[in-house]
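# Coordinate analysis (summary)
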Amino acid sequence: MTAKPEVDDFTRPFWDAAADGRLLIRRCRACAKAHHYPREFCPHCWSEDVEWERASGRATLYTWSVVHRNDLPPFGDRVPYTAAVVDLAEGPRMMTEVVGCPESELSIGMELVVAFKAGEGAEMIPVFRRPAQGQSNSRTQAPSSRR
């Protein structure tokens, strides 16, 4: 579920971190709330005093839909895929893709960890997967895997 993102000077730290297997979010210094997608202002209090922060990589599944048909390039070649919304441990919700988990095993509230897969260009795209066996979502840092 990855179309080529537009990388600009503002979003470059996000994509550079993803290339290194790290997920970044934005946090407001004025109200202390985290948010995603990256914006130059806080969507909660409108302050422009926001900074990048490394996310733990932990999340829970909020909702999903398995896409079996998508006529828009490049998605048609990737069906089926699981489009999802996850609740990051830091608070924000994030649109993403769940990988490596059959639909029959998905459940609301299930633990997930970030992983990264190659996008249309050189960028790495954050996606989510089940924690590895024996790996609890309560860990402070979730390892990344490149797919």
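Residues numbered from 1 in each chain as written. Predicted model: local features only at pLDDT ≥ 70, side-chain atom pairs only at ≥ 80, totals over all residues. Heavy atoms only, no water.

Further remarks concern the pattern of salt bridges. Going through the model one piece at a time under the given rule, you end up with eight salt bridges. R69 is the partner of D71 in a salt bridge, and the nearest nitrogen-oxygen pair spans 3.2 Å. R69 shares its class with D71; the two are exposed. With a shortest N-O distance of 2.1 Å, E105 and R130 are connected by a salt bridge. You can see E105 sitting in the loop between strand 6 (93-98) and strand 7 (111-118) and its partner R130 sitting in the segment after strand 8 (124-129), a full 25 residues away along the chain. Note on R130: relative accessible area 33%, which makes it partly exposed. (Salt bridge = Lys/Arg side-chain N within 4 Å of Asp/Glu carboxyl O. Buried < 20%, exposed > 50% of the residue type's maximum accessible area, 1.4 Å probe, protein only. Helix = DSSP H or I, 4+ residues; strand = E, 2+ residues; numbered from the N terminus.)

This part takes up the packing of aromatic side chains. Each aromatic ring pair is summarised here by two numbers: the centre-to-centre distance and the angle between the ring planes. A full pass over the atoms with the stated rule returns four aromatic pairs. Arranged with centres 4.8 Å apart and planes meeting at 90°, the rings of F14 and W15 form a pair that is edge-to-face. Summarising the aromatic geometry, the rings of F14 and W52 are spaced 6.5 Å apart at their centres and angled 35° between planes, so their arrangement reads as tilted. With F14 in helix 1 (residues 12-19) and W52 in strand 3 (residues 50-54), this residue pair connects regions lying 38 residues apart in the sequence. Judged by its relative accessible area of 6%, F14 falls in the buried class. Residue W52 is classed as partly exposed on the basis of its relative accessible area of 23%. Grouped by ring-pair contacts, the aromatic residues F10, F14, W15 and W52 constitute a single cluster. (Phe/Tyr/Trp six-rings, centres within 6.5 Å; stacked < 30°, edge-to-face > 60°.)

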